Every structure is written in C-alpha cells, then in structure tokens.
Protein chains: 2
Amino acid sequence: MKMFQPYLWRRCSIRSPALGRMLSRYAMNGGDGPHSYAQNSSYQKGFVDVAKPIIEEEISRKLDIKHLSSTFRIADFGCSTGHNSCAAMQIITEAIRRRFEIEGLISQIPNFYVFFNDKVTNDFNTLFNSLPRERLYGAAGVPGSFHGRRLPKAILDFAYSSCSLHWLSEVPKAVLDNTSPAWNQGKIHYAGARREVCEEYVNQFAKDMESFLDSRAEELVPGGLMALLVPAVPATWDPNSAYTMTTENYLFGTCFMDMAKTGRFSKAKVDSFNIPVYFPIPQQFKAIIERNDKYTIERMEVLDNPGKRNLIGPKDRAAYLRAVSEEMLIDHFGSEIIEELFDRYTKKLEASPLFSDPDCDKSIIMFVLLQRKPESYCSAS
Amino acid sequence: MKMFQPYLWRRCSIRSPALGRMLSRYAMNGGDGPHSYAQNSSYQKGFVDVAKPIIEEEISRKLDIKHLSSTFRIADFGCSTGHNSCAAMQIITEAIRRRFEIEGLISQIPNFYVFFNDKVTNDFNTLFNSLPRERLYGAAGVPGSFHGRRLPKAILDFAYSSCSLHWLSEVPKAVLDNTSPAWNQGKIHYAGARREVCEEYVNQFAKDMESFLDSRAEELVPGGLMALLVPAVPATWDPNSAYTMTTENYLFGTCFMDMAKTGRFSKAKVDSFNIPVYFPIPQQFKAIIERNDKYTIERMEVLDNPGKRNLIGPKDRAAYLRAVSEEMLIDHFGSEIIEELFDRYTKKLEASPLFSDPDCDKSIIMFVLLQRKPESYCSAS
C-alpha cells in the first residue's frame, strides 16, 4: 500500500516568531476604490495581452486533449482581485474549447474549474464578486502563499502565474541585519545597493522559485502545463536614456531617506524595511528553471510589456506602485506617511526626463511554458 | 470515448430578470463586529456540538479507509464566516486521523483538503483570516449557491452542511403574487399563514433539497459520505407552553405590520417581502431524502439543539436573528429601519412568558448521514 506523507498546512504570520523574519504576507490593495489594484493594474494587464497569442498557440500545439478528465482544472497563482486573472482564465478556457471545436470534438469539451490563489490578506470578496456572471468555469479561492503547497496532489491540468513571482516569500534576513556584510543601510531595495545585498536578493528569489516549482509539481498532473510570466530586467541598460522597475524602486527609496531627514520617521525605521521583490535577468531566470528537474521547458521567451503604455504619466505610475505596496508600507511606517510619500515620489517621477516616456522603460517579461514530467522521469524520485 | 456535458457556471443575481423572482443571495453578517454572524452564532454552535459524537461514531464505523486517495476532500456547504465551520472540520479530520491511529495505520493518514462553500456575498475574507493557524487541512473557498453545482465531478469524499439547508433558493413566487391563492398578504413567513402559503414553502423546500442532493451526488465520489444537520420543528407543539423557530418568525412578522401601521413603510412593502427559510417536520424531511435515489440513508435522527441554552435572553435571540437576516432586510426595507425593527422585536420577546425559557424552545435538528451510491446503483442512471 502507498505511503502517504501527511502535510501540515500552516498560515503565514507577518513575523515568524521562530525565524524572527519579516515574512511577505501583504496583498495588493483590495476593493475597487481610487487606490485599489482593480483600478490600478493596467500595467499588469500588459502581461495578459502579450501572453494571449502565445498561450493560444501552445494550447493548440501542446495540450494533449485525448487524455483529459471530465473537468479541466486550472489555477492562477497570484490572482489578486481578479480583473486581469479573469481575462487570463477566459483566454485559457476559450483556447481549449476552440481546440476541441477545430478537431470536431465539440461533444467532448470538458468542464472547467479554476482555483484562484493569492495571499490570505487578498481581497477575495472583491474577486468573487467580480467573477463574470456567465462563464465557462467553476471557481474557488485558495488563500495562502504560493511558495508552499496550496492544493491537493495532482489536481491541476494547467497552472498559471502572471506578474507575481517577483514577490519574495520574505525579505532576505541579512539585508536587515546590521551585523551582516549584506546590511542594506539607507536603502529599501537592492537597486543601487552593494553586491552582497544583490546576492541575498538573488538567492532568495532562487529559493522561492524552487519552492514554487516544487509545490506546483505536487499539484500538477504528470504532463500538466504551467505558463509563467515574470517581470524581469535586461542584463544591462543605459541609465542615461532608459530605466527599469529597479530604477523606479531606487527612486522610490530615496523618498524614504528624504522623509527620514525631515524627521517624519527615523533612519533606523528605513533600515529595518526592505521591499521583498526581485526582478531577475533572463539568464538567472533560465538557470533557475533549468536547475529544477521536475519539468521540461516547452517554450521560453523574453517579451516586452505593452502595459507600460497604459501608464499615462507619473501619477499613473505612482498609483500603480501604491496599489501593490500600500498594505506593506502602512504596516511598517503607519498610514499617516502614505500621502506624503507618494506625493514626493510623483514629484520625483515628474522631475525626471526619463519617466515621462514609456519607450524608455526597458523592463521585460520572461515567459516560460513548462510541462510536468511524469514522476518516474524526475531524477529526484 | 466518454461524452462530457459542458456545464455553464452562473452567478445568481438578487432578482433573476428571466424569472422575475427574488432569489436568495444574502449571506450572514460578515466581519466580527457586534452584529456579525461570528459574534452571534452560539445557537448554531449547538448543531456542531450534537453532531460531534455522532460523526465520530459514524467515521469510526462507516468510513472505508482502505480505499482513500492521498488527499481526503471535504466540503462544508453554508460555511458562513467559519467559526462553527472550522470546529466541524476539526471534528471530521480528527476523527479520521484517530481511526487510522487506532487501526495502526499512522503512516497512511491522508492529507486533508476542505472546500468552504457559501454564497458569493459571504464574507470569505473573514473566513480565510479565521482559519486556524496550524491545521490538518488545506483550504479553499467556493462562492455560490449550494443549490447548484459548485465543485468538479467526483472530487469529494465527505460533504457536510449544518444549519443551512433551511435557506431556500428563492421566495416561492406565488406567495408574493396578489393574484395567487397563495398570496401571503400581511405576513413575512408561512408561520401562521394559510394552507396554500405553507404548501408553496414546502414545495420550494423539497425542490431545493432535490437540487442540493443532485448537485452533491455529482461532486461526491461513489461511496462518499454526507452529513446533514437541518433545523426542523416537531409536527405539533403546544403554543401555550412552547415555541419553535416558526413561532419566532411569526412574532418577528408582526413587528413589520406594526411598523407599516405607523407609516414607516407601506403595507405593500411588507406584502412584497417574505423570508426564504423553511423548517421541515421530520416526516417531510425523511420523505424528501428517501425520494432521492442517489444515496443510501446510513443514519437518521431527531436531535435537540443545545445551542438554545447559549441564547441568554431576548437580546441574544434578537441578535441571532439579526446576524442571519440583516443583509436581506436592508436590501428590501433600507438600513434605516433596522434598529427600530429589532428594538420592537426584542420588546415582543421580552413581553412573552415563553421566550425567556430555553426549555420552551421545541425546535429540533434533523441529522442524516447519507452515502453516495455507486453510479450503476442509481435507478436514474
């Protein structure tokens, strides 16, 4: 008889008492108000737009429709409040339906079921209320970090994650530790920081990707597909004529130090805060994926993000950053600093000759389509 | 090759334009404030308490632990914001774990996964945030009416529903129709109403139970178990010395007519409103279950609800009714009537010699344990 490993499901707390670390449990802004993710995610919509033709093509080429069960099960990891997620789920389910139609197998079109995953603090109420009134799929919400197991074993036929995997499971401990060579004093991100800081971020990203890939490998059926879209940056760019998301984070970081200098909060308060996001360069991303041996890489591409043209100016750009970081900032600095912080940030964006031109944004998207190997093909098993 | 029936998933709207009916999409009060379900569901906790020894006994006797998959999948239909639901899920998972321990099969204890279902308007955010920090089960929230399909086919090993099935999918159309012999003029419930009104409610309950049982039959694996706890009333009771939930609804209804007389709203406003709940008598409940041929009845019992002793007086009793009906009342009458309505109701409860004594509450609980027949055993297939 098969041996089962009982899995103890845990909820994350903001600070793990056992580890003394700041864990990343913050979700995007909920609701549909002026600062909500729902109202400020046109940038991320660009990920869905570039993914559409590729996913359609891959489903028409790669999906083994002869061996599907009666319900095709999809999950979106990092769905937020659903606007972009529902668009992506529509693309996937429609592409599969079309595939059956084209092959003359209309009577065999499966049912669809979508698991929408995001952190426990995500606004699932808004997500559930924004699901399309008539849709091809049944829906469930799955709360909790995608860096761990979230679903029963081998339940998924298709996993998807867009603009989410750059969020780390925690701020690397060493960058907040004033006894460490990687202490990131006076900065809130690795952008413009010392080599040791960057290495801590890279390592954390690699570790988190590994736990993501391992968790999904448990949840996917053998042969199941996984499409990942990860915000990334080129290996180099000319800072005089271009910028990326790391440049933005550097600029954002200077606002904190400016405010500390005016006495709004202490410099120590800034030193004890770092943003848990990492934007890989293509080579790093590729190496991490290749190192994990539970999947075959079916397709990998570097894509531009058309969503940057949806950010009309500095105000939009600041609003986009606010929608994704406000919860985290309030928890550390208090809500009273938010307006001033984003005013300062908007002014800095306005003062820069670069940020008014979306063509100067050299941020990229890494797309990868993976296929879960049959268990026996993994060298680990 | 197997033929699949694609299933079109729909969200309910409050009023179905096609049917012109008031559909029941209201959930219990969310959050954890003074009027929340979380703070006012000690009555419903009684259902969990009486179910505990029975469920433990049945799991130790009936559950076929030799043929379980690696993840044991449970669903709670009508979970609300989770307080009582988590207690029930704890009971079920612990009982299964103990069963494996007793049989010396500790290494084979399965993983557990729980699907928490309630209406789209349910406060799933509060539910997710109140899940125990460490628990034996993974968790997903499933939004939508349990009168339709909510989960993939044959995904469940165990279905559970407590104190939820008395909520009808809609108010019977005829009771709001002034041309029908079942028009329920001047009343908000079938309690104390004419025979025709009662019949409409009974028929709606039977139809809703049927759609519930049929939907779960799709979602349960053959051999899967389903435990249902439904609030019910005895066939008769002496109104001079006892009361039930229908008596309460009658008394509650008189408050509406009193307010209409004072001009707070029109009598027509009351005539166009009825509460979509039905409390069956044991014989009705048994007959409905028996008529559905997709299950075997493994156990059926009439139980007392110890939760009534958790309602210390009229204020508690009114708060309990408010927590489960406020959303629906606000939608029809507006929020401005709520305080006065429940003040009036509390005073009526206080003025009654019966309602101060929980022993006068003759409301009962119908417990039934069903087992999903193998498909070939159903006469319908």
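As the structure is a prediction and not an experimental result, all values here were calculated from the model.

Undergrad: Hey, could you run me through the overall build of chain A in this one?
TA: Tallying secondary structure elements over chain A gives 9 helices and 11 strands in all. By principal-axis analysis of the C-alpha atoms, chain A measures approximately 70 × 45 × 40 Å. Within chain A, buried positions represent 60% of all 381 residues. Taking the contacts inside chain A whose residues are at least 6 apart along the sequence as the reference set, 81% of them involve residues at least 24 apart.

Undergrad: So what exactly am I meant to see when it comes to empty space enclosed by the protein here?
TA: Sizing a probe to match a water molecule and rolling it over the atoms shows the empty space that remains. All names here are of chain A. Applying the stated rule across the entire model yields 4 cavities of 30 Å³ or more. In this structure, the largest cavity occupies an estimated 530 Å³ of space. Along the walls of the largest cavity sit 39 residues, with Met-28, Cys-163, Ser-164, His-166 and Trp-167 positioned nearest its centre. Among the elements of the structure, α1 (42-62), α2 (83-102), β5 (111-118), β8 (156-162), α5 (245-261) and α8 (314-333) are those that each provide at least two residues to the lining of the largest cavity. Here the lining of the largest cavity takes 5 residues from α8, the largest share from any one element.

Undergrad: It is not clear to me how the pattern of salt bridges should be interpreted in this structure. Could you clarify?
TA: Side-chain pairing between opposite charges can occur once the charged atoms of the two side chains come close. The final tally for this structure, using the stated rule, is 66 salt bridges over all chains. One salt bridge connects Asp-258 of chain A with Lys-348 of chain A, and the closest N-O pair in it is separated by 2.7 Å. With Asp-258 of chain A in helix α5 and Lys-348 of chain A in helix α9 (residues 338-351), this residue pair connects regions lying 90 residues apart in the sequence. With a relative accessible area of 22%, Asp-258 of chain A lands in the partly exposed category. A salt bridge links Arg-149 of chain B to Glu-219 of chain B, with the shortest nitrogen-to-oxygen separation between them at 3.9 Å. Note that Arg-149 of chain B is positioned in the loop between β7 (137-143) and β8 (156-162) and Glu-219 of chain B in helix α4 (residues 195-219), a separation of 70 residues in sequence. Across the pair, Glu-219 of chain B and Arg-149 of chain B agree in class, each one buried. A network of salt bridges, in which partner residues are shared, links Glu-57, Glu-58, Arg-61, Lys-62, Glu-298, Arg-299 and Glu-301 of chain A.

Undergrad: Explanation requested: the packing of aromatic side chains in the structure shown.
TA: Two descriptors summarise a pair of aromatic rings, namely the distance from one centre to the other and the angle between the planes of the rings. Residue and element names in this part refer to chain A. As enumerated under the stated definition, the model contains 39 aromatic pairs over all chains in all. Here a set of aromatic residues connected by ring pairs shows up, and it is made of Phe-252, Phe-256, Phe-265, Phe-273, Phe-333, Phe-342 and Tyr-345. Across from the ring centre of Phe-212, 4.8 Å away, lies the NZ or CZ of Arg-216, which sits over that ring.

Undergrad: Where do I start with helix α7 (residues 282-291) of chain B in this structure?
TA: For an α-helix, the turn length of 3.6 residues means that residues three or four places apart are oriented alike. Within the sequence span of α7 of chain B, burial applies to Pro-282, Phe-285, Ile-288 and Ile-289 of chain B. Angular distribution of buried residues about the axis of α7 of chain B spans 135 degrees; they occupy a single face of the element.

Undergrad: Explain the environment of Lys-187 of chain A here, please?
TA: Residues and elements named next belong to chain A. Summarising the element assignment, Lys-187 is placed in the loop between β8 and α4 (195-219). Accessibility expressed as a relative area gives 26% for Lys-187, which makes it partly exposed. For Lys-187 and Met-257, which are 70 residues apart along the polypeptide, the C-alpha to C-alpha distance reads 7.8 Å. When neighbours within four sequence positions are excluded, Lys-187 is seen to be in contact with Gly-192, Ala-193, Tyr-250, Val-270, Phe-273 and Asn-274.

Undergrad: How do you make sense of the state of the cysteines when you look at a structure like this?
TA: When the sulfur atoms of two cysteines share a covalent bond, that bond is a disulfide. Residue and element names in this part refer to chain A. Under the defined criterion, the tally for this structure stands at 0 disulfides over all chains. The thiol of Cys-198 is unpaired, and the distance to the nearest cysteine sulfur, on Cys-255, comes to 20 Å. In this model Cys-360 remains outside any disulfide bridge; the closest cysteine sulfur is found in Cys-255, 19 Å from its own. Cys-360 gets classed as buried once you look at its relative accessible area, which sits at 12%.

Undergrad: Could you clarify how one ought to interpret the environment of Lys-153 of chain B in this entry?
TA: With respect to the helices and strands, the residue Lys-153 of chain B is situated in the loop between β7 and β8. Setting aside residues up to four positions removed in sequence, Lys-153 of chain B forms contacts with Ser-70, Thr-71 and Arg-73 of chain A together with Glu-218, Glu-219 and Glu-375 of chain B.

Undergrad: Would you take a moment to explain the environment of Glu-210 of chain B for this structure?
TA: Residues and elements named next belong to chain B. By the secondary structure assignment, Glu-210 is in helix α4. Among the residues examined, Glu-210 registers a relative accessible area of 27% and is labelled partly exposed. Note: C-alpha distance between Glu-210 and Asp-304 (94 residues apart in sequence) is 25 Å.

Undergrad: Please explain unusual backbone geometry as it appears in this structure.
TA: With glycine set apart, most residues show a phi of negative sign, and most peptide bonds adopt trans. Of note in the backbone geometry, Ser-80 of chain A takes a positive phi value of approximately 55 degrees without being a glycine. Inspection of the secondary structure puts Ser-80 of chain A in the loop between β4 (71-77) and α2. Residue class for Ser-80 of chain A comes out buried when judged on its relative accessible area of 3%. Positive phi outside glycine occurs at Ala-154 of chain B, with the angle close to 50 degrees. Inspection of the secondary structure puts Ala-154 of chain B in the loop between β7 and β8.

Undergrad: What am I meant to see in the packing of α8 of chain A against α9 of chain A here?
TA: The geometry of a pair of packed helices is captured by two quantities: the angle between their axes and the separation between those axes. Residues and elements named next belong to chain A. With their axes 10 Å apart at the nearest point, α8 and α9 run at an angle of 145 degrees to one another. The way α8 lies across α9 gives a crossing that is right-handed. Between α8 and α9, the residues in contact are Pro-314, Lys-315, Arg-317, Ala-318, Leu-321, Arg-322, Ser-325, Glu-326, Leu-329 and Ile-330 and Ile-338, Glu-339, Leu-341, Phe-342, Tyr-345, Thr-346, Leu-349 and Glu-350, respectively.

Undergrad: Where do I start with the packing of α1 of chain A against α2 of chain A in this structure?
TA: Residue and element names in this part refer to chain A. Their axes nearest at 10 Å, the elements α1 and α2 cross at an angle of 15 degrees. For the element pair α1 / α2, the angle class is roughly parallel. The two elements α1 and α2 meet at a crossing, and its hand is right-handed. Across the interface between the two elements, Gln-44, Lys-45, Val-48, Lys-52, Ile-55, Glu-56, Ile-59 and Ser-60 of α1 pack against Asn-84, Ala-87, Ala-88, Ile-91, Ile-92, Ala-95, Ile-96, Arg-98 and Arg-99 of α2. Looking at the contact of α1 with α2, its residues break down into 9 nonpolar, 3 polar and 5 charged.

Undergrad: Looking at this structure, I do not really get the side chain of Ser-162 of chain A. What am I missing?
TA: Residues and elements named next belong to chain A. Structurally, Ser-162 is set in strand β8. Looking at Ser-162, the relative accessible area reads 13%, which means it is buried. Once you skip the residues sitting within four places of it in the chain, Ser-162 turns out to touch Phe-47, Asp-76, Phe-77, Gly-78 and Leu-229.

Undergrad: I keep staring at the confidence of the model for chain A and nothing clicks. Help me out?
TA: Residues shown with low pLDDT carry predicted positions that ought not to be read at fine detail. Residue and element names in this part refer to chain A. In this model, chain A carries a mean pLDDT of 91, and residues with pLDDT of at least 70 account for 92%. Considering only residues more than four positions removed or in separate chains, one finds that residues 1-5, a stretch of pLDDT under 50, has 13 contacts. Taken as a whole, residues 12-21 scores under 50 in pLDDT and shows 20 contacts with residues more than four places along the chain or in a different chain. Two numbers describe this predicted complex: its pTM, 0.93, and its ipTM, 0.91.

Conventions we followed
- Sequence order as written defines residue numbering, which begins from 1 separately in each chain.
- Here every chain gets a letter starting at A, and every ligand a number starting at 1, in the order they are written.
- Thresholds applied to this predicted model are a pLDDT of at least 70 for local features of residues and 80 or more for the giving and counting of side-chain atom pairs; totals over whole chains, interfaces and linings are not thresholded and use all residues.
- Computation of side-chain values: all heavy atoms of the structure, hydrogens and water removed.
- Numbering of helices and strands runs from the N terminus, with a helix taken as a DSSP run of H or I at least four residues long and a strand as a DSSP run of E at least two residues long.
- Only protein chains enter the accessibility calculation, which uses a 1.4 Å probe. A residue is then buried if its area is under 20% of the maximum for its type, exposed if over 50%, and partly exposed in between.
- Note on definitions: a residue-residue contact is assigned when non-hydrogen atoms from the two residues lie within 4.5 Å.
- Within this scheme a cavity is a closed region of a 1 Å grid, computed over the protein atoms alone, that accommodates a 1.4 Å probe without allowing it to escape, whereas a pocket is open but has protein on both sides within 12 Å along at least five of seven lines; lining residues each have an atom within 4 Å of a point.
- Grid points are joined across faces, edges and corners, and a volume is the space filled by probe spheres set on the points.
- One speaks of a salt bridge when a side-chain nitrogen belonging to Lys or Arg is within 4 Å of a carboxyl oxygen belonging to Asp or Glu.
- Working definition: rings of Phe, Tyr and Trp (its six-membered ring) pair if their centres are within 6.5 Å, and the pair is stacked with planes under 30 degrees apart, edge-to-face with planes over 60 apart, and tilted otherwise.
- Any Lys NZ or Arg CZ found within 6 Å of a ring centre and within 35 degrees of that ring's normal is scored as a charge over the ring.
- Each direction from the helix axis to a C-beta atom contributes to the arc, which is the arc of those directions.
- Disulfides are defined as pairs of cysteine sulfur atoms found within 2.5 Å of each other.
- Axes, fitted as lines to C-alpha atoms, cover a helix only where it is in contact. Angles between the N-to-C directions of the axes lie from 0 to 180 degrees.
- Left-handed is the label given to a crossing in which the near helix is rotated counterclockwise from the far helix by less than a right angle, and right-handed is the label when the rotation is clockwise.
- Angles are sorted into four bins: roughly parallel if under 35 degrees, roughly antiparallel if over 145, roughly perpendicular if 65 to 115, and oblique for all others.
- Residues were grouped as follows: Ala, Val, Leu, Ile, Met, Phe, Trp, Tyr, Cys and Pro as nonpolar; Asp, Glu, Lys and Arg as charged; and all remaining residues, including Gly, as polar.
- Per-residue confidence from the predictor is given as pLDDT, running between 0 and 100.

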